[in-house]
Amino acid sequence: MGRAEERRARQRGGRRAAPRRSSGTPAVGVGGGATGPAPGGRAAARRAARPAKARKSGIRALFTWKKILGTLFGLCLLGIGTFIVLYMMVDIPKGNAVAQQESNVYKYSDGSVLARKGTVNRESVSLDRVPKEVQHCFVAAENKTFYHDSGVDLKGTARGLLNTLSGKGAQGGSTITQQYVKNYYLTQDQTVTRKLKELVISLKVDQKLSKDDILAGYINTSYYGRGAYGIQAAAQAYYRVDASKLTVEQGAYLAALLQAPSQYDWAVASPTGRKLVQARWNYVLNNMVGQRWLDAGERQTMKFPIPKDPKGAPGLEGQKGYLIDLANKQLEQQLMKDEGISQSQAEAEVVDRGWTITLNVDKKKQAALESAVKDQLTSKLNPKKRKVDADVQAGAVSVDPKTGKVLALYGGQDYFKHFYSNATRRDYQPASTFKPVILAAALDEGAKTQDGLPIDANTVYDGTSGRQAVDHGTKVGFGPPNEDDQDYGDITVQTAMNQSVNSVFAQMGVDVGMEKVMEVAGRLGMDTKGMQPVPAQTLGSMGASPLEMAGIYATLDNHGKKVTPTIVARAENKTRTVKMDDPIGDQVISREAADTVTSVLTGVVDDGTARTSVRNNPLRDGQQVAGKTGTSDENKSAWFTGYTPGLVTSVGLFGEDDKTHNHVSLKGATGLIPGSGRINGGGYPAQIWATYTFGVMDGVSKFDLDTTQGAAVKPSTSSSVTQSPSQSPSQSASSSPPVSQSPSRTPSQSPSQSPSQSPSQTPSRTPSQSPSQSPSGGITDNPLNPNDQQQVDGRQPGQ
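Residues numbered from 1 in each chain as written. Predicted model: local features only at pLDDT ≥ 70, side-chain atom pairs only at ≥ 80, totals over all residues. Heavy atoms only, no water.

1. What about the overall build of the protein?
Secondary structure summary: the protein contains 26 helices and 20 strands in total. In the protein, the share of contacts with a sequence separation of at least 24, taken over all contacts with a separation of at least 6, comes to 73%. For the protein, the exposed surface amounts to about 34000 Å²; the carbon and sulfur share of it is 51%. (Helix = DSSP H or I, 4+ residues; strand = E, 2+ residues; numbered from the N terminus. Contact = heavy atoms within 4.5 Å. Areas by Shrake-Rupley, 256 points an atom, 1.4 Å probe, with all protein chains shown as cover.)

2. Remarks on the sheet that holds strand β16 (residues 577-578)
Strand order in this open sheet of 5 strands is β4-β3-β7-β15-β16, and the pairing throughout is mixed. Two strands close off the open sheet at either side, each with one partner strand: β4 (113-117) and β16. Running over the sheet, helix α16 (residues 320-339) touches β3 (104-107), β4, β7 (356-359), β15 (568-572) and β16 and is turned about 75° from β4. (Pairing = 2+ DSSP bridges. Axes fitted to C-alpha atoms, helices over the stretch in contact; angles between N-to-C directions.)

3. Examining the environment of cysteine 137
Within the secondary structure, cysteine 137 sits in helix α6 (residues 132-142). The exposure class assigned to cysteine 137 is buried, which follows from its relative accessible area of 0%. Between the alpha carbons of cysteine 137 and asparagine 287 there is a distance of 8.6 Å; along the sequence they are 150 residues apart. (Buried < 20%, exposed > 50% of the residue type's maximum accessible area, 1.4 Å probe, protein only.)

4. Considering the packing of aromatic side chains
Given two aromatic rings, one states the distance between the centres and the angle between the planes to describe the pair. Counted under the stated rule, the structure contains 18 aromatic pairs. For the pair phenylalanine 146 and tyrosine 147, a centre-to-centre distance of 5.2 Å together with 65° between the ring planes defines the contact as edge-to-face. Residue phenylalanine 146 is classed as buried on the basis of its relative accessible area, which comes to 0%. Judged by its relative accessible area of 28%, tyrosine 147 falls in the partly exposed class. Residues tyrosine 180 and tyrosine 184 carry aromatic rings whose centres are separated by 5.6 Å and whose planes lie at 10° to one another, so their mutual orientation is stacked. Here tyrosine 184 and tyrosine 180 lie together in helix α8 (residues 176-184), a separation of 4 residues that amounts to about one turn. Using a relative accessible area of 26% as the deciding quantity, one classes tyrosine 184 as partly exposed. Among the aromatic residues, those joined into a cluster by ring pairs are Tyr238, Tyr239, Tyr253, Trp266, Trp281 and Phe304. (Phe/Tyr/Trp six-rings, centres within 6.5 Å; stacked < 30°, edge-to-face > 60°.)

5. Let's talk about the side chain of aspartate 456
Assignment of secondary structure puts aspartate 456 in the loop between α19 (435-445) and β10 (460-462). Here aspartate 456 sits buried without a salt bridge, and the closest side chain of opposite charge, lysine 448, lies 12 Å off (N-O distance). When residues no more than four places from it in sequence are discounted, the contact partners of aspartate 456 are Leu443, Val493 and Gln709. (Lys, Arg positive; Asp, Glu negative; His and termini not counted. Salt bridge = Lys/Arg side-chain N within 4 Å of Asp/Glu carboxyl O.)

6. Section: the pairing of strand β8 (residues 392-399)
Side-chain positions along a regular strand alternate between the two faces of the sheet. The buried count for β8 comes to 8 of 8 residues, which makes it a mostly enclosed element. In β8, alternate side chains face the same way, and those of Val392, Ala394, Ala396 and Ser398 on one face and Gln393, Gly395, Val397 and Val399 on the other are all buried. Bridging between β8 and strand β20 (residues 647-655) involves 8 bridges; their strand directions are antiparallel. If you follow glutamine 393 over to β20, its bridge partner there is phenylalanine 654. Here 4 bridges tie β8 to strand β9 (residues 406-410), and the two strands are oriented antiparallel to one another. In the sheet register, serine 398 faces β9, and the bridge partner there is alanine 408. The loop that links β8 with its antiparallel partner β9 comprises 6 residues; one of these, glycine 404, has a positive phi angle of about 80°.

7. Some details on helix α11 (residues 231-239)
Most of α11 is tucked away, with 8 of its 9 residues classed as buried. Every buried residue of α11 is listed here: Ile231, Gln232, Ala233, Ala234, Ala235, Ala237, Tyr238 and Tyr239. In the core, the buried residues of α11 are packed alongside β5 (121-122), α6, α10 (211-221), β6 (228-229), α12 (248-257) and α13 (261-264). Of the residues flanking the end of α11, it is arginine 240, one or two places downstream, whose phi is positive at about 60°.

8. Here's the deal with the side chain of threonine 221
Examined against the element boundaries, threonine 221 turns out to sit in helix α10. Taking relative accessible area as the criterion, threonine 221 reaches 12% and is therefore assigned buried. Here the side chain of threonine 221 touches glycine 217 through a polar contact of 2.8 Å, landing on its backbone oxygen. (Polar contact = N/O pair within 3.5 Å; in protein donor to acceptor, adjacent residues only side chain to side chain.)

9. Some words on helix α17 (residues 343-350)
Within α17, 7 of the 8 residues are buried, leaving the element largely enclosed by the surrounding structure. Those residues of α17 that fall on the buried side of the exposure criterion are Ser344, Gln345, Ala346, Glu347, Ala348, Glu349 and Val350. On its buried face, α17 sits against β3, α8, β6, α13 and α16. Immediately downstream of α17, the backbone of aspartate 352 shows phi near 55°, a positive value.

10. A word on the sheet that holds β9
Strand order in the open sheet formed by 5 strands is β9-β8-β20-β19-β18, with antiparallel pairing between adjacent strands. Of all the strands in the sheet, the pair left with one neighbour each is β9 and β18 (626-631). Mean inter-strand twist for the sheet, computed between neighbouring axes without regard to direction, equals 5°. With 6 bridges connecting them, β18 and strand β19 (residues 637-644) associate as antiparallel partners. Residue pairing for β19: threonine 629 is matched across the bridge by phenylalanine 640. This element, helix α23 (residues 546-557), spans β8, β9, β18, β19 and β20 of the sheet and lies at about 150° to β20.

11. Examining unusual backbone geometry
Even without a glycine there, the phi angle at arginine 240 is positive, about 60°. Looking at where arginine 240 falls in the secondary structure, it is placed in the loop between α11 and α12. Positive phi is not limited to glycine here, since aspartate 621 has a value of about 55°. Looking at where aspartate 621 falls in the secondary structure, it is placed in the loop between α25 (611-615) and β18.

12. Examining the pairing of β18
Of all 6 residues in β18, 6 are buried, a share of seventy percent or more. Residue alternation in β18 divides its side chains into two sets, Ala626, Lys628 and Gly630 and Gly627, Thr629 and Thr631, and both sets are buried. Linkage of β18 to β19, two consecutive antiparallel strands, is achieved through a turn of 5 residues, within which glutamate 634 is found at a positive phi near 60°.

13. A closer look at a nonpolar patch on the surface
On the surface, a cluster of nonpolar side chains totalling about 440 Å² of accessible area is made up of Trp65, Ile68, Leu69 and Leu72. Looking at where leucine 72 falls in the secondary structure, it is placed in helix α5 (residues 65-89). (Patch = residues over 30% accessible without salt bridge, like charges linked within 9 Å, V, L, I, M, F, W, Y side chains within 5 Å.)

14. A short note on the nonpolar core
Side chains of a nonpolar character, in soluble globular proteins, are inclined to be buried together. Formed by 123 residues in total, the largest nonpolar core has its most connected members in Phe434, Met508, Leu524, Met526, Val614 and Leu653. With residues near it in sequence (within four places) discarded, valine 614 still touches Val605, Arg620, Val625, Phe640, Ala686, Trp689 and Phe694. In this structure, Ile231, Val248, Ala252 and Trp281 belong to the second largest nonpolar core, which totals 51 residues. (Core = buried A, V, L, I, M, F, W, Y, C linked by side-chain atoms within 4.5 Å.)

15. Things to note about the environment of methionine 514
Residue position: methionine 514 is located in helix α22 (residues 514-524). Among the residues examined, methionine 514 registers a relative accessible area of 6% and is labelled buried. Spatially, the C-alpha atoms of methionine 514 and alanine 536 are 9.6 Å apart, while their sequence positions differ by 22 residues. Those residues in contact with methionine 514, other than ones at most four positions away along the chain, are Gly509, Pro533, Val534, Pro535, Gln537 and Thr538.

16. Section: the confidence of the model for the protein
Counting all residues, the mean pLDDT for the protein is 81, and 73% of those residues have values of 70 or more. Taken as a whole, residues 14-37 scores under 50 in pLDDT and shows 24 contacts with residues more than four places along the chain or in a different chain. Low pLDDT, under 50, characterises residues 716-799; the stretch is placed with 221 contacts to residues that sit more than four places away or in other chains. (pLDDT = per-residue confidence, 0-100.)

17. What about the packing of α12 against helix α14 (residues 271-290)?
Running from amino to carboxyl end, α12 crosses α14 at an angle of 120°, the nearest separation of the two axes being 9 Å. Put simply, α12 runs oblique to α14. Helix-helix and strand crossings are classified by hand; for α12 and α14 the assignment is right-handed. Two secondary-structure elements touch here, α12 through Val248, Glu249, Ala252, Tyr253 and Ala256 and α14 through Val277, Arg280, Trp281, Val284, Leu285 and Met288. Residue composition of the contact of α12 with α14, grouped by class: 9 nonpolar, no polar and 2 charged. (Parallel < 35°, antiparallel > 145°, perpendicular 65-115°, else oblique. Left-handed = near helix turned anticlockwise from the far one by under 90°. Nonpolar A, V, L, I, M, F, W, Y, C, P; charged D, E, K, R; others polar.)

Given below as structure tokens:
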């Protein structure tokens, strides 16, 4: 077949008519002899044999490098053109920072008004009234290139746009100019449109205004916390001085605040928050040295300027301020989650922005809780007669375990007098109210004793005071004493919970494994971040708040389904409505484990440390109750957290020096407690709880428990024995003499009385006070913060 025939065959699709030749086989001529390839014949044959490989695929033809470059160039031109159009169309709007300030309205659950808050605390000052060094503090904190940049951070803005498009939230950086534009001209909305407008307006503002004008606008429109907008209001709120009198140290603190105003407010900050703001303060001053705005030698002499205590704002007297403060914080957290904005942005979006916020707080229960605290505690305090009475602080939170609603809250005697809410503070130890968490972990994890026996309500432990906890035959170096060094001998877990026996739960924590205990604590609702899983935690030596403990016990009451106490029912303003997350979450421990703990805790009320104030209370009227008392080291806090099937309430008393705010002992308060005057959880906290709970009860209810263990069901006749001691069990709670004193005299608080009256809530010495009680490998004084041996506010570690 000649070339013409081959070509015609290919045109007819006749590859079979022109078979592929081997590259090594010569073509055969007409006479049968071999012939050399015709010019181009071999290449033509190769193209005919492999047409699919010779042609470029459709995708490769489409994405050539020329086309890719052309497309990118076209997109760049389109972007530039779009930006030019946007730049020409978007003008600098009228400032709306003041117009956006509008009163928030807070309502009870029944719709009646709790408070209106929104008298804007703002006073603008010209930049010449702010010391130059203080001006530099803000530049050093937020935008070191401010004085010579174009007003925008293109990288940060691009990153912010990408984060917005991908739903990652506000993670891009911005200049002082951009922040001023956002504060004064725009909103905090995390949308692409708003970010593009911010970019354009920032460029125009930078061209139109001087850097001093922009900086003045920025420091006068920013929110600093404590209801203060602008540097003048902030100077007064934190240091009681005019902006013109601010020192460099004070200016650096105010500049540091802008990152997270409420978290960094020294008066209410957690230990972590205080460390963060100090680190931020140092960052500001170090940047000033780096920019040559501050002498390095002078910098070394500067000390952190602790702000003055805040003053209450109008309309926040009594309990209103505490309720509003928690409502604002929870709404801010929801906005941060929903919109991906920062904490400072969320605060600016909530405070005085025209919200109508309906709380879950029941007006009648709120009044009842306030009345109970007054009747059972504050009416008995006389600071003029006893100095310690001025140091007594009370906090309480009441929660519906079925819905997670915060129905009532007590944050202190008055928001004007004590700004820091005792309902949400986490700087005091929950003490023995943590013991149910240890039992919950043992039951949920199916833990066993050192002898391989399952841990349940009937398991027998050695209740000898100071007994060293053992891990597979090796002492762990921790042997806490029981209260008054009371020895109990062999006792069941039920009795150990009733009498709050430290030595039993120290060993149980080791048996379960402290890592698992802390894991379960986190699942139940405790903030365990930074807590070390060491045996000392079995004494409740971490920090916790009444709000936190109410949530943990509500989860137990709700059969192990997670309850996150929520005070906000709904929130709405002119532009949006915020839906709060469902307070009821997933099953975090098994129902059987949760119900067993509840069953055991009924014994604490009926035959343990709370029997005088709760079981014998004439208002009880047959109501079934579970709960736990707690008293911390050196009597610095006392607790009762208890619940009925429909209501959970945690009450805490805290010893806080009236002047220094350091932790101090409650001993001797009210002058009505016989003996040493020690305040235990079974005393005033339990009395407040009972007066409130039994006063608001709507009928009598019983627990619906899925368990065969504990005081709420008929006990088993057999017990699993472990850790048999040499002592006999004759010192168990059953041998306790009856209490003869009336509940109003809180006999359970006298150390001279029987162990049934909270014998083990307060060890007479802490682990750090006895070398024999320090776990192997060392235990820090403060399990919350093991790297620090001294709190920044002067409090002793671990208190």
